[in-house]
Amino acid sequence: FTPVCTTELVAFAQKQPEFEQRGVQLVGLSIDSVHSHLAWLKNIEEHLGTKINYPLIADLDMKVAQKFGMIHPGASATATVRAVFVIDPQGVVRSLFYYPMNVGRNIDEILRAVEGLQTADKNSVACPANWHPGEQVIVPPPKTMKEVEQRESMEGVDKVDFYLVKRDL
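Residues numbered from 1 in each chain as written. Predicted model: local features only at pLDDT ≥ 70, side-chain atom pairs only at ≥ 80, totals over all residues. Heavy atoms only, no water.

## Some points on the nonpolar core
Keep this limit in mind: The nonpolar core is taken to be a set of buried Ala, Val, Leu, Ile, Met, Phe, Trp, Tyr and Cys residues, with the residues joined through side-chain atoms within 4.5 Å. Partly exposed describes any residue whose relative accessible area lies between the buried limit of under 20% and the exposed limit of over 50%, with all areas from a 1.4 Å probe on protein chains only and scaled to the type maximum. Working definition: helices are DSSP H or I runs of at least four residues, strands are E runs of at least two. Numbering for both runs from the N terminus.
Ranked by size, the top nonpolar core spans 23 residues in total, and within it Leu9, Phe12, Phe19, Ile52, Tyr54, Phe97 and Ile110 carry the most contacts. Of all the elements in the fold, those that place two or more residues in this core are helix H1 (3–21), helix H2 (34–48), strand S3 (82–87), strand S4 (93–99) and helix H4 (107–123). Of the residues forming this core, the biggest block, six residues, is contributed by H1. Within the second largest apolar cluster, five residues are counted, among which are Ile31, Met62, Ala65 and Val81.

Okay, structure coming up:
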């Protein structure tokens, strides 16, 4: 029943269809009990009008939180740090966001990061700072002198220099 986490559960629930469109399964984790979760979810639905339709894992023994590095010495012995893990279909952690207890997560940024990872994987490209879907992507940097020379004749791209080339998808 923490206020910032409550707003985050609601914000994720509101964006859940957008995550699902991208093949993402939302899962929450808390070191509170199942009964505490049930009461919290009921409270959220009653007072904030939002039903949480994704699983919320009760991790009372903190095994999952410890395995994922969510218990930070010095921060608290009984509370996890607030973190978001983006885990790909192969079970690899691809992105990790840590948030302080007094600042809520930016759900749009998490969604943007998921889109960036999926775009980069699908197209063998990279996404520049502040990238959004539909904007130019970065062609991976050359690894050989031959690739550097090939870039000189590339057409339909924006060349800043041999190592920084942007293109549309």
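Resuming the write-up.
## Concerning the packing of H1 against H4
In a packed pair of helices, the relevant descriptors are the angle between the two axes and the axis-to-axis distance. Threshold: Fitting a line to C-alpha atoms yields each axis, with helices limited to the stretch in contact; the angle taken between N-to-C directions then spans 0 to 180 degrees. An angle below 35 degrees is read as roughly parallel, one above 145 as roughly antiparallel, one from 65 to 115 as roughly perpendicular, and any other as oblique. Take the far helix as the reference: if the near one is turned anticlockwise from it by less than a right angle, the crossing is left-handed, and if turned clockwise, right-handed. The contact criterion used is simple: two residues touch if any of their non-hydrogen atoms lie within 4.5 Å. As a working rule, the residues Ala, Val, Leu, Ile, Met, Phe, Trp, Tyr, Cys and Pro are called nonpolar, Asp, Glu, Lys and Arg charged, and the rest polar, with Gly in that last group.
The N-to-C vectors of H1 and H4 enclose an angle of 25 degrees; their axes lie 10 Å apart at closest approach. What the angle tells us is that H1 and H4 run roughly parallel. Once H1 is placed against H4, the crossing between them reads as right-handed. Listed contacts from H4 to Ala11, Phe12, Lys15, Glu18 and Phe19 of H1 are Ile107, Asp108, Ile110, Leu111 and Val114. Its residues placed into classes, the contact of H1 with H4 shows seven nonpolar, no polar and three charged.

## Considering unusual backbone geometry
Here methionine 62, not a glycine, exhibits a phi torsion of approximately 60 degrees, which is positive. On the secondary structure map, methionine 62 appears in the loop between strand S2 (56–58) and helix H3 (63–67). In this model, serine 124 sits at a positive phi of 55 degrees, which is unusual for a non-glycine residue. Position of serine 124 among the secondary structure elements: in the loop between H4 and strand S5 (137–139).

## Considering the side chain of arginine 151
Spelled out, the test is: Think of a polar contact as two N or O atoms within 3.5 Å of one another; within protein, one of them needs to be a possible hydrogen donor and the other a possible acceptor, and neighboring residues in sequence only count if both atoms come from side chains.
By secondary structure assignment, the location of arginine 151 is in helix H5 (residues 145–152). Polar side-chain contacts of arginine 151 include one of 3.2 Å to the backbone oxygen of phenylalanine 162. Setting aside residues no more than four positions away along its own chain, arginine 151 makes contact with Val139, Pro140, Pro141, Pro142, Lys159, Phe162, Tyr163 and Val165.

## A closer look at H2
This is how the line gets drawn: Helix span, expected: 1.5 Å multiplied by one less than the number of residues in the helix. Comment: arc refers to directions from the helix axis out to C-beta atoms.
Taking 1.5 Å as the rise per residue, H2 with 15 residues should run 21 Å; its terminal C-alpha atoms sit 20 Å apart, in good agreement. For H2, the full list of buried residues reads His37, Trp40, Leu41 and Ile44. Mapping the buried residues of H2 onto a view down its axis gives an arc of 95 degrees, with all of them on the same face. Exposed and oriented more than 90 degrees from the buried face of H2 are His35, Leu38, Lys42, Glu46 and His47. Lining the buried residues of H2 we find H1, strand S1 (28–30) and S2. At the C-terminal side of H2, glycine 49 shows a positive phi close to 65 degrees.

## A word on the packing of aromatic side chains
As a reminder, the rule being used: Pairs were defined over the aromatic rings of Phe, Tyr and Trp, the Trp ring being its six-membered one, requiring ring centres within 6.5 Å. Orientation was assigned from the angle between planes: stacked under 30 degrees, edge-to-face over 60, tilted for the rest.
Per the counting criterion, the structure on display carries four aromatic pairs. A ring pair is formed by phenylalanine 1 and tryptophan 40, whose centres lie 6.4 Å apart and whose planes are at 45 degrees; its orientation type is tilted. Of the two residues, phenylalanine 1 is situated in the segment before H1 and tryptophan 40 in helix H2; the sequence distance between them amounts to 39 residues. A residue is classified by how much of its surface remains accessible, and tryptophan 40, at 6% relative accessible area, is buried. Ring centres of phenylalanine 162 and tyrosine 163 lie 5.6 Å apart, and the angle between their planes is 75 degrees; this geometry places the pair in the edge-to-face category. Judged by its relative accessible area of 40%, phenylalanine 162 is partly exposed.

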